[in-house]
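Fold and geometry: a report
Spelled out, the chains give:
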Amino acid sequence: MISQKALSKRFIPGLIQIAEAHRKPRWLPVAKSKVFRIPKRPVVSEEERLELLRLNNNYKTQMRAIRRFYHDEMIHDKSTRESASSEMSLRLEAEEWEKCVELNEQWNKQVALERQERRKLEVVAMDEYTLNRMEQKDAVRKQRIEKASEEIRKEKELSKTFITPETLDAAIDAAIANPTDYNYAIDLKGNQYLGRETPISPPKEEKQSASV
Amino acid sequence: MPFMKGRAPIRRTIQYLNAGKLVLKDKIKVFSVAYNITGQNNTGTKEFVFWYLPQIQYKNPNVQVATLKNLTPSPFIKCYFEDGRNILVDVDNKSKEDILEHLIRTVAEKKDNPANFGVGCERPCICEINGQIPCPGVVVLPKFMRGKFKNQES
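Conventions we followed
- Residues numbered from 1 in each chain as written.
- Chains lettered and ligands numbered in written order.
- Predicted model: local features only at pLDDT ≥ 70, side-chain atom pairs only at ≥ 80, totals over all residues.
- Helix = DSSP H or I, 4+ residues; strand = E, 2+ residues; numbered from the N terminus.
- Buried ≥ 20, exposed ≤ 12 C-beta atoms within 10 Å, placed from the backbone.
- Contact = placed C-beta atoms within 7 Å.
- Nonpolar A, V, L, I, M, F, W, Y, C, P; charged D, E, K, R; others polar.
- Pairing = 2+ DSSP bridges.
- Axes fitted to C-alpha atoms, helices over the stretch in contact; angles between N-to-C directions.
- Core = buried A, V, L, I, M, F, W, Y, C linked by C-beta atoms within 7 Å.
- pLDDT = per-residue confidence, 0-100.
- Expected span 1.5 Å × (residues − 1).
- Bend = angle between axes of the 7 residues up to and from the residue.
- Right-handed = clockwise from strand over helix to strand, strands pointing away.
- Parallel < 35°, antiparallel > 145°, perpendicular 65-115°, else oblique.
- Left-handed = near helix turned anticlockwise from the far one by under 90°.

On a plain count of helices and strands, chain A comes out with four helices and two strands. Residues counted as buried form 1% of the 212 residues belonging to chain A.

Turning our attention to the overall build of chain B. Regarding its fold elements, chain B presents four helices and four strands. Walking chain B from its N terminus toward its C terminus, one meets helices and strands in the order α-β-α-β-β-β-α-α. Counting across all 154 residues of chain B, residues that qualify as buried make up 17%. Sequence-distant contacts in chain B: of pairs separated by 6 or more residues, those separated by 24 or more amount to 65%.

This brings us to the interface of chain A and chain B. In many reports, interface size means the accessible area that the parts give up when they come together. Contact residues are listed per partner, giving eleven residues for chain A and eleven residues for chain B. Looking at the side of chain A that touches chain B residue by residue, the classes come out as six nonpolar, two polar and three charged.

All names here are of chain B. In this sheet, strand β3 (residues 76-81) lies alongside strand β1 (residues 28-35) in antiparallel orientation, the contact comprising six bridges. When the bridges of β3 are listed, Val-30 appears paired with Tyr-80. Across five bridges, β3 lies against strand β4 (residues 86-90) in antiparallel orientation. Within β4, the position partnered with Ile-77 by the bridge is Val-89. The hairpin turn running from β3 into β4, its antiparallel successor, is four residues long, and Gly-84 in that turn takes a positive phi close to 95°.

Residues and elements named next belong to chain B. Spatially, four strands are ordered β2-β1-β3-β4 in an open sheet, and the strand pairing comes out mixed. Only two strands of the sheet have a single partner each, and these edge strands are β2 (64-69) and β4. Neighbour-to-neighbour, the strand axes of this sheet turn through a mean angle of 15°, independent of strand direction.

All names here are of chain B. Formed by 17 residues in total, the largest nonpolar core has its most connected members in Ile-28, Phe-31, Phe-48, Ile-99, Leu-100, Leu-103 and Val-107. Elements represented by at least two residues in this core include exactly β1, α2 (43-59), β3 and α3 (96-106). Contacts of Ile-99, omitting those with residues within four sequence positions, involve Gly-44, Thr-45, Phe-48, Val-91 and Lys-94.

This part takes up the confidence of the model for chain B. Looking at chain B as a whole, the pLDDT averages 91, with 99% of positions reaching at least 70. Predicted as a complex, the structure gets a pTM of 0.56 and an ipTM equal to 0.74.

All names here are of chain A. Averaged over all residues, the pLDDT of chain A is 86; the fraction at 70 or higher stands at 84%. Per-residue pLDDT, averaged within each element of chain A, yields its smallest value for helix α4 (residues 204-211) (51) and its largest for helix α2 (residues 46-159) (94). Counting interchain partners and residues more than four positions distant, the pLDDT-below-50 stretch residues 207-212 has one contact.

Before going further, it helps to examine α2(B). Residue and element names in this part refer to chain B. Counted at 1.5 Å a residue, the expected span for α2 with its 17 residues is 24 Å, and the 24 Å between its end C-alpha atoms agrees. Of all the bends in α2, the greatest reaches close to 50° and is centred on Tyr-52; the proline Pro-54 follows between one and four positions later. Within α2, burial applies to Gly-44, Thr-45, Phe-48, Val-49, Tyr-52 and Ile-56.

With that settled, the discussion passes to the pairing of β1(B). Residue and element names in this part refer to chain B. Both β1 and β2 contribute to a ladder of six bridges, which runs parallel. Within β2, the position partnered with Val-33 by the bridge is Thr-67. Crossover handedness for the path β1 to α2 to β2: right-handed.

What follows concerns the packing of α2(A) against α3(B). Contact pair α2(A) / α3(B): the axes reach a minimum separation of 9 Å and the direction vectors enclose 155°. The orientation of α2(A) with respect to α3(B), classified from their angle, is roughly antiparallel. For the pair formed by α2(A) and α3(B), the contact residues are Cys100(A), Leu103(A), Asn104(A) and Trp107(A) on the first element and His102(B), Arg105(B) and Thr106(B) on the second.

Moving on, we get to the packing of α2(B) against α3(B). What describes two packed helices is the angle between their axes and the distance between those same axes. All names here are of chain B. Running from amino to carboxyl end, α2 crosses α3 at an angle of 70°, the nearest separation of the two axes being 8 Å. Taken as axis vectors, α2 and α3 run roughly perpendicular relative to one another. Between α2 and α3 lies a crossing of right-handed hand. The residues of α3 that touch α2, namely those facing Gly-44, Thr-45, Glu-47, Phe-48, Trp-51 and Tyr-52, are Lys-96, Ile-99 and Leu-100. Split into classes, the residues belonging to the contact of α2 with α3 amount to five nonpolar, two polar and two charged.

Before going further, it helps to spend a moment on unusual backbone geometry. Working note: non-glycine residues mostly have negative phi, and peptide bonds are mostly trans. All names here are of chain B. Of note, Ala-8 is a non-glycine position whose phi angle comes to about 45°, a positive value. Inspection of the secondary structure assignment puts Ala-8 in the segment before α1 (14-18). Under the C-beta neighbour-count criterion, Ala-8 is labelled exposed, with 10 such atoms within 10 Å.

Right under this line is the structure:
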């Protein structure tokens, strides 16, 4: 037969010292010697039973009354507190809202001021930029006009020599009187002989040098 | 979105999202930011949207956070309350830190004193702070504090 201590040691290793009365573990069945033992029913006399019932009823009634009293009181307290706190919280919230809105308005005003100043600066910068550009464009245009007028002046000067119907005859006469021949010939030494029908008369020095 | 991809992926880490400071009031239902993507006066708002909007949305899951791009002459933030009120914050030419600070001052839920302790506070007992005396129920007080030893002679 395995002893109780040995059993507990086996099932709960590590736990060595157990200071308690020798007892049957819960998982063991009823002892053989006690299997057929029938415990004796407690005998309560009728008087005692009635008396206990009365006392118990009294106790329960009183306890119920007390419990109900405290419960009601708690609910009452809670409702009053809630109403007060809700009013309070509403007021607090409204105050907070006011404060927040005020803070925000201040901030917005500040931002608006800064923006106005910034916008002013931006407008000034933009003006400067556009003026600069306009000036540049004006200068370019002026230059172009000057160039064009210069060209016109030149053309006008040239136009004096233009051939017009009036001066056509004179021009023709002049052209006939002074025929121009652009033909020319070149000899081996690079001498240019203008004219198609120019008589070629080689320079004398050349001849001399050749003969020498 | 894959992990650690895209621009500034730190914005998607749980630590970053949790570090958001702006917890809006309960009554705020819509939080809208209007800004342009160009212009020097919009950069602060643009950065605010880029860096802080994820945190705001994470910290306020029941608030609609909307952005309106290129629909306004100057940037602003508008908060709509559940009872129809709204609060307009002009954020023209402000840095993202300034904007966040102002929002925390105006539309954020008021926080309790973080030093408070007890029921309903961040910590139930002061003994959770380093350097404070542990609760005597957990660790016995030093002898010079205990009446049993202090009043022994008298």
